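Each chain is listed here by its residues.
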Amino acid sequence: MEIIVPPVVVSADGRARVEVILRSNGAQVAGVQNDLTFDNTAIEIDPEFACQLHEAISDSHPECGSSATTLPCKTLSRHLGRCDRVEQGRRCFAADPALSRFRALIFGLTNVNPIPDGSVLYTRVFAVVDASRLPRLITNTFVIASGPSGARLPAVGHEGAVLASRGQALPPTWTPRPPTAAPSRTATRTATPTQPPSSPRPSHTPSATATRTLSPTRTLSPTHPPLPTPLPTVVIRSTSVEPSTNGTATVEVVLDSAADFVSRIQHDL
């Protein structure tokens, strides 16, 4: 599978219309992706012309509303950025502010119908910034393709160019370079002064520890407290008391125990 960017001559209005073409070479191609990288000091994407899929493969075709259609009915996701500013996942092959990169991702939202061989995928219109620097290369890299099952297909990209006039020699091939990795820090080991060996210390052999064997636990039978001794019953035989001349009254109390022991209790009135 190939994605081709042909060389294009600048028209009278100072623009170059670049058509990106698919060559499936017999493969069933359901989705593709590619990057166009160019020198933005000589040419630039014309903001007046939006990038759109070719009508024959776009999901804007009237027949794409039917589930039985065999048309590609694809949609386009795109991103344009300067190579020194694009984020990590969209990196160019060189972080150069003089380079810009346009990425196109073509896929189906509702089907996996293949894209016909020879189809124009999309058109990008470039405006000339500095004609004295033409011709300028358009590098076609990071080409990815997948089949209807989602499996990745072998894919290559052919780069194009913007020419000042017909018959102008093409610029030399620009070989993509991978991003330059930041230098890694190497840890420097510092030698630690060697201390003189100390005199050996006598090893301590732990003595055997006597194991204390516990005797069986004696189970005590429950001890019941002694029954309380019944208290004697007190019977008061007098229900009325006559006071004596000294201001006291004598009450006769009889205990039921101890041989009818009689006690006399004096109580102050």
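Residues numbered from 1 in each chain as written. Predicted model: local features only at pLDDT ≥ 70, side-chain atom pairs only at ≥ 80, totals over all residues. Heavy atoms only, no water.

### Considerations on unusual backbone geometry
Right, on to step 1. Following Leu134, the chain continues into Pro135 via a peptide bond in cis, with omega recorded as 5 degrees.
Right, on to step 2. As for its placement among the helices and strands, Pro135 is situated in the loop between β9 (120-128) and β10 (136-146).
Right, on to step 3. Residue Asn25 is not a glycine yet carries a positive backbone phi of 55 degrees.
Right, on to step 4. Along the chain, the position of Asn25 falls in the loop between β3 (15-23) and β4 (31-39).
Right, on to step 5. Looking at Asn25, the relative accessible area reads 52%, which means it is exposed.
Right, on to step 6. In this structure, Cys73 takes a positive phi of about 50 degrees despite not being glycine.
Right, on to step 7. Tracing the backbone shows Cys73 in the loop between β6 (52-53) and β7 (75-82).
Right, on to step 8. Of the residues examined, Cys73 reaches a relative accessible area of 3% and is grouped as buried. (Helix = DSSP H or I, 4+ residues; strand = E, 2+ residues; numbered from the N terminus. Buried < 20%, exposed > 50% of the residue type's maximum accessible area, 1.4 Å probe, protein only.)

### So, the pattern of salt bridges
Right, on to step 1. Scanning all chains against the criterion turns up eight salt bridges.
Right, on to step 2. The residue Arg15 makes a salt bridge to Glu48 at a minimum N-O spacing of 3.3 Å. In this pair, Arg15 sits in strand β3 while Glu48 sits in the loop between β5 (43-45) and β6, placing the two residues 33 residues apart along the sequence.
Right, on to step 3. Arg15 sits in the buried class, given a relative accessible area of 18%.
Right, on to step 4. One salt bridge in this structure joins Arg103 and Asp35, with 2.7 Å as the shortest N-O distance. Placement of Arg103 in strand β8 (residues 99-107) and of Asp35 in strand β4 is noted, with a sequence separation of 68 residues between them.
Right, on to step 5. Connected through salt bridges with shared partners, the residues Asp13, Arg15, Arg17, Asp46 and Glu48 form a single ionic network. (Salt bridge = Lys/Arg side-chain N within 4 Å of Asp/Glu carboxyl O.)

### Examining the pairing of β4
Right, on to step 1. In terms of burial, β4 is a largely internal element, nine of the nine residues being buried.
Right, on to step 2. As paired elements, β4 and β10 share seven bridges and run antiparallel to each other. Following the sheet pairing, Phe38 is matched in β10 by Ile138.
Right, on to step 3. Note: β4 against β8, eight bridges, orientation antiparallel. Along β8, the bridge assignment pairs Val32 with Ile106. (Pairing = 2+ DSSP bridges.)

### Observations regarding the state of the cysteines
Right, on to step 1. Per the stated rule, a full pass over the model turns up two disulfides.
Right, on to step 2. One disulfide bridge connects Cys83 with Cys92, the sulfur atoms lying 2.1 Å from each other. In this structure, the disulfide formed by Cys83 and Cys92 twists by about -85 degrees around the S-S bond and is classed as left-handed. The same class applies to Cys83 as to Cys92, namely buried.
Right, on to step 3. By sequence order of its bonded cysteines, the protein chain has the disulfide arrangement 1-2, 3-4. (Disulfide = S-S within 2.5 Å.)

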